[in-house]
Structure formats: C-alpha cells, structure tokens
Amino acid sequence: MTIPSPSPETLLDRQCEQRSEPGYLEAVLKSAARRVVVFHRGKALMNAGRLGYFDPAALPAETLAGTTHVYLAKALAGHGLPNGTDLVLQVLPYDAGDLAWVPTGADFAGYRDVASTLNAGEVEVFIEAQAVANWHATHASCPRCGGPTESLCAGWMRRCDKDGSEHFPRTDPAVIVAIVGPDDKILLANNFAWEPNKYSTVAGFVEAGESGERAAVREIAEEVGVVLDSLSYVGSQAWPFPRSLMLGFMGYTKSSASTPDNVEVRATRWFSREELQAEVLNGNAGIPGRLSIARELVERWYGGRINEPGDVVDAAELVAPGATL
Ligand SMILES: [Zn+2]
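These figures come from a predicted structure and were not determined experimentally.

Caption draft 1: Representation of the coordination of the zinc ion. Protein-derived coordination of the zinc ion comes from Cys142 (SG), Cys145 (SG), Cys160 (SG), Asp163 (OD) and Asp163 (OD), at a distance range of 2.3 to 2.8 Å. For Cys142, a relative accessible area of 4% corresponds to the buried category. By relative accessible area, Cys145 is classed as partly exposed at 37%.

Caption draft 2: View of the domain arrangement of the protein chain. Splitting the protein chain by domain gives domain 1 (12-138) and domain 2 (172-311). Computed from C-alpha coordinates alone, the two centres of domain 1 and domain 2 are separated by 32 Å. Taken together, the contact between domain 1 and domain 2 spans 10 residues of the former and seven residues of the latter. Together, the buried faces of domain 1 and domain 2 total about 830 Å²; carbon and sulfur atoms form 68% of this surface. Considering only the side of domain 1, the residues that lose the most area to domain 2 are Tyr111, Arg112 and Ile127, jointly responsible for 48% of the buried surface there. Our count for the domain 1 to domain 2 interface comes out at zero salt bridges. Joining domain 1 to domain 2, the criterion identifies three residue pairs in polar contact (both at pLDDT 80 or more).

Caption draft 3: Focus on the pattern of salt bridges. Per the stated rule, a full pass over the model turns up 17 salt bridges. For the salt bridge of Glu210 with Arg218, the shortest nitrogen-to-oxygen distance reads 2.7 Å. The salt bridge partner of Asp311 is Arg290, with a shortest N-O separation of 2.8 Å. Placement of the pair is Asp311 in the segment after helix H6 (293-302) and Arg290 in the loop between helix H5 (273-281) and H6, with a sequence separation of 21 residues. Beyond isolated ion pairs, a larger network of salt bridges with shared partners links Arg290, Arg295, Glu299, Arg305, Glu308 and Asp311.

About the thresholds
- Residues numbered from 1 in each chain as written.
- Predicted model: local features only at pLDDT ≥ 70, side-chain atom pairs only at ≥ 80, totals over all residues.
- Heavy atoms only, no water.
- Donors = N, O, S within 2.8 Å, 3.2 Å for Na, K, Ca; no water.
- Buried < 20%, exposed > 50% of the residue type's maximum accessible area, 1.4 Å probe, protein only.
- Domains from an automatic or database assignment.
- Contact = heavy atoms within 4.5 Å.
- Buried area = accessible area lost by both parts, 1.4 Å probe.
- Salt bridge = Lys/Arg side-chain N within 4 Å of Asp/Glu carboxyl O.
- Polar contact = N/O pair within 3.5 Å; in protein donor to acceptor, adjacent residues only side chain to side chain.
- Helix = DSSP H or I, 4+ residues; strand = E, 2+ residues; numbered from the N terminus.

This is the structure:
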C-alpha cells in the first residue's frame, strides 16, 4: 500500500487520549501480543531487511537499565500484523553495553539507509519512533533547572524531579519548496552533500518567530538567489532529522535567474518536463526517492509519476503530461 506523502490517511492509531491514563503503558507492557520496535543511537533494529516488530519474548534486553518505553500506536492495516496490535518503542540507553542479545538476522540501520525499502506503514512507525527517541535522548535533564527528568504519559512527556516542570516532544518546522518559473520549468538544486548529478527541491528550517511562508521566501532567496512572486501550500511530511515537520510549497517566479549560494547549493538547473524525465531515465539526473515530500512536489509539478531506470513502464507513459505530440 502506498500513500502519497501529504496525505491525511494514517496506518496508526496513536491512542493519544488513552495513553496518558495512569497504567496504560504498564498494562500494554504486560501483554504478550504487543510488538516492540527497538532504537539505539538514532537507528532502528531491522529484522531480515524489514523494520523489526519484535515479539517481546525475543528481546532479553527489554528490561535493560536506562531503557525508555514509549507507546507508539495500535497498528492498523498495512503492517503485516493483526489489526490493533499495540506497538511499543524501546529506546536503549546510549551506553547499552554488549548487544550480543540482538536476534540473528537483525541489525541496526538509519532511516536514510533503508527508507527506499520500507513500506508506508513502516515509514510511519520509523519516523514516529525516531522523532520521539531523539527527543528522549536529549531531554534527560530539565532545560529549566538541569535536574533529572522522568518519562511519563506512556513516554510522551518528561517531568523534572526538582521543579515539577513538564516537557513535551518537540517538532521543528522546516519548509521545502519546488520552484516553478518561466515556461513552466522547474528549478532544482544540487547540494554539496550529494552526488553532482542529484537534484532536488530546496529546504530549510523555519526560524523562531517566522511564518512558513516567510521562511520559504527567505530560504529560496538565500540558497538559490531566486525571488518568489507567490506560493501555494501543498502539504506536510514528518521527517526524522532530528524531529522535523516539512511544510511543502510550490513557489512561483517570473525570473529565470538563479545564483547558487556556494555554501549549501553547488548548482541549479531548470528542467522542462520532457528534459527531466529524459535525464532521469538516462542517468544524468537523480531525483528524490518516492515517499519523500520532495518527490511529491516534483511530481505534482510534472503532473504524474516520473519513471526511473528499472521501472516497468508502458511506452505511452513516457510522454510527459501536457506534451504536444
Ligand atoms: Zn527542572
């Protein structure tokens, strides 16, 4: 099952109201039917190439000192589990010691390494688990007084032992923009962190006290030197680095001038629909993977699915939407 990135559909029921009731997590932790997702140092424990939904009986380390448990959700369809299975996150302490208990065939992996192999249900669980695990890993001490904090509300709140202040998982907004210019071409950027032939949309964090729209205009001006005339909001996607919410926009400009900042962006390039599809198929241009909001934005401009080498396609699909025959 594939769900386009900015979609209100979900494959999880987070039980947001119920999970804060006293004893909720404790009761789930006594159930043999629950399944456990394990994170350590920002990586998930994979099982034979899939996100591991482990039987707790297979995890002798579940009671390891310093472990934090978080109630993730009831799994709905699309996870290969009975509908309503409780998913619990087990965040191992940074110094978890000997990991010899890790089951055969299982190993830890980061989101970027495995995202392209995950199904939509696994993506949703991975991103939720990583975001909340990253938050726990950095909030063991109270940001107000430095005292120790403890995890409460099924892992969705930490409270300071000294001053009683309550702290909740943070989400950091970022903007991501597909720039559409003259002749309905799209401007994509190549980042210094990528291979020279990879192109994507431009993204950046929203600053304190800034709206998403103003952040989008500022980031585009800073990174690629383009002045946007207008914006339209498309949708959002949670992203686990470290716990972001990407706000996706289409940005429109009347100018074809662009200037890479030479700090983050190495180069920019305008593509027509025909050029982009041809360059992707012949390997001259790589674009973001499916299930990313960057790909969703590019395909929204394109007007359909962009095929990649290895895709099985009908020749008629290779005609770009809107192309004149
Ligand atoms: Zn405190």
